[in-house]
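Below are the chains, spelled out letter by letter.
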Amino acid sequence: MELLHYTKFIQPITEFESERARAIVRLIRLARNLFDEVPQRDFTSWFALISEYSQSGFEEEAIMLFDQMLLSGWKCTELIFPSVIKACSITKNLSKGKQIHGIVIATGFEFDVFVANSLVFMYESCGVFIDSRKLFNEMPEKSVASWNALLSSYAWNGRGKKALDLFQEMVRSGIKPDERCLWSIVHASTGCGNYIQGRRAHGFLIKLGYDSDSQLVNALVHLYKSAGEAAMVVSLKKRSM
């Protein structure tokens, strides 16, 4: 089966990125050719290619191959769900995501932390906020990744106040935020103009040793620019040089 859209990568801005994109496409094609040549595929073969598709920007192929796997009579495990659910999130394929959620329940993996995190993010990405929060609340065990799945979806989908409220809940529960969480909080704080919370996130970044991360520094620069704090902007730029 040919790849549906193997040239769909975001336009690269350097020759290195262009060559890297072409190399990924060549590797994906080679992996698919090898997969098609195997007369009797085991679960690892299906899992490896679906995961590779999902991680490399070929989400539609990941979903199609997952359907083909089911038609071939293979049963799903908790290992394969996150990859195909991620593909549904990125393509915003809610109907397929709901179908896979049904399979998750039927196979008894709805409380696996990685599967549950993926489902939370999928519903958020598709704009079904009530279902995502319901799933989050029903998790018997929440990891940092569980909080990040919901929090980042709030932060990057125009629901900054929800993200900040959830962050407060997370801190009160004793969970230590990581750099991904704090990046989302800085973004949410900037978006909704809550500069007090943004400064608090900056404090966490310093305390936890993440304040030299270039991506986070850029987010902080944007925060302090929006707050009109030119001195902080200059200070952050000097330290990042």
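Definitions and cut-offs
Residues numbered from 1 in each chain as written. Predicted model: local features only at pLDDT ≥ 70, side-chain atom pairs only at ≥ 80, totals over all residues. Heavy atoms only, no water. Axes fitted to C-alpha atoms, helices over the stretch in contact; angles between N-to-C directions. Helix = DSSP H or I, 4+ residues; strand = E, 2+ residues; numbered from the N terminus. Parallel < 35°, antiparallel > 145°, perpendicular 65-115°, else oblique. Contact = heavy atoms within 4.5 Å. Nonpolar A, V, L, I, M, F, W, Y, C, P; charged D, E, K, R; others polar. Patch = residues over 30% accessible without salt bridge, like charges linked within 9 Å, V, L, I, M, F, W, Y side chains within 5 Å. Areas by Shrake-Rupley, 256 points an atom, 1.4 Å probe, with all protein chains shown as cover. Salt bridge = Lys/Arg side-chain N within 4 Å of Asp/Glu carboxyl O. Core = buried A, V, L, I, M, F, W, Y, C linked by side-chain atoms within 4.5 Å. Buried < 20%, exposed > 50% of the residue type's maximum accessible area, 1.4 Å probe, protein only. pLDDT = per-residue confidence, 0-100. Expected span 1.5 Å × (residues − 1). Polar contact = N/O pair within 3.5 Å; in protein donor to acceptor, adjacent residues only side chain to side chain.

Peer 1: Describe the packing of helix H6 (residues 113–125) against helix H8 (residues 144–156), with residues and values.
Peer 2: Each pair of packed helices can be described by the angle between their axes along with the distance between the axes. Closest axis-to-axis distance for the H6/H8 pair is 9 Å, and the angle between their directions is 5 degrees. Put simply, H6 runs roughly parallel to H8. Residue-level inspection shows Val 113, Asn 117, Val 120, Phe 121 and Glu 124 of H6 in contact with H8, the latter providing Ala 145, Ser 146, Ala 149, Leu 150, Ser 152, Ser 153 and Tyr 154. Across the contact of H6 with H8, the residue classes tally to seven nonpolar, four polar and one charged.

Peer 1: Any chance you could break down a nonpolar patch on the surface for me, citing the residues and the numbers?
Peer 2: A contiguous nonpolar surface patch, about 300 Å² in accessible area, is contributed by Leu 27, Leu 30 and Leu 34. Structurally, Leu 27 is set in helix H1 (residues 15–37).

Peer 1: Could you give me a rundown of the nonpolar core, with the residues and numbers involved?
Peer 2: If you look at the biggest cluster of nonpolar residues, it comprises 64 residues, and the most contacted ones within it are Phe 66, Met 69, Phe 81, Ile 85, Ile 100 and Phe 167. With seven residues, the single largest contributor to this core is helix H12 (residues 214–226). Residue contacts for Phe 66: discarding those within four places in its chain leaves Ile 50, Cys 76, Ile 80, Phe 81, Val 84, Ile 100 and Ile 103.

Peer 1: Give me the lowdown on the environment of Gln 168, citing residues and values where you can.
Peer 2: If you trace the backbone, Gln 168 turns up in helix H9 (residues 160–172). Each residue touching Gln 168, except ones within four places of it in the same chain, is listed here: Gln 197 and Arg 200.

Peer 1: Which residues make up unusual backbone geometry, and what values go with them?
Peer 2: Positive phi outside glycine occurs at Lys 92, with the angle close to 55 degrees. Relative to the assigned elements, Lys 92 resides in the loop between helix H4 (81–91) and helix H5 (94–107).

Peer 1: Provide a residue-level description of the pattern of salt bridges, including the pertinent values.
Peer 2: In total, this model carries six salt bridges according to the counting rule given. Where Lys 134 meets Glu 138, a salt bridge forms, and the shortest distance between an N and an O atom there is 2.8 Å. Taken together, the residues span about one helical turn, with Lys 134 and Glu 138 both in helix H7 (residues 129–138) at a distance of four residues. Overall, Lys 134 belongs to the partly exposed group, its relative accessible area being 47%. On the basis of relative accessibility, which here comes to 39%, the residue Glu 138 falls in the partly exposed class. The partner of Glu 229 in a salt bridge is Arg 199, with the nearest N and O atoms 2.2 Å apart.

Peer 1: Can you explain the confidence of the model for the protein? Please cite residues and give values.
Peer 2: For the protein, per-residue confidence averages 87 on the pLDDT scale, and residues scoring 70 or more make up 93% of the total. Least confident of the elements in the protein is H1, whose mean pLDDT is 81; most confident is H5, at 96.

Peer 1: Residues and numbers for H6, please.
Peer 2: For H6, which comprises 13 residues, the first-to-last C-alpha distance of 18 Å matches the rise-based estimate of 18 Å (1.5 Å per residue) to within 8%. Taking burial as the measure, the 13 residues of H6 include 10 buried ones, the bulk of the element. Those residues of H6 that fall on the buried side of the exposure criterion are Val 115, Ala 116, Asn 117, Ser 118, Leu 119, Val 120, Met 122, Tyr 123, Glu 124 and Ser 125. Between the side-chain oxygen at the start of H6 and the backbone nitrogen of Phe 114 there is a gap of 3.1 Å, and the oxygen is on Asp 112. One or two residues past the end of H6 sits Gly 127, with phi positive at roughly 80 degrees.

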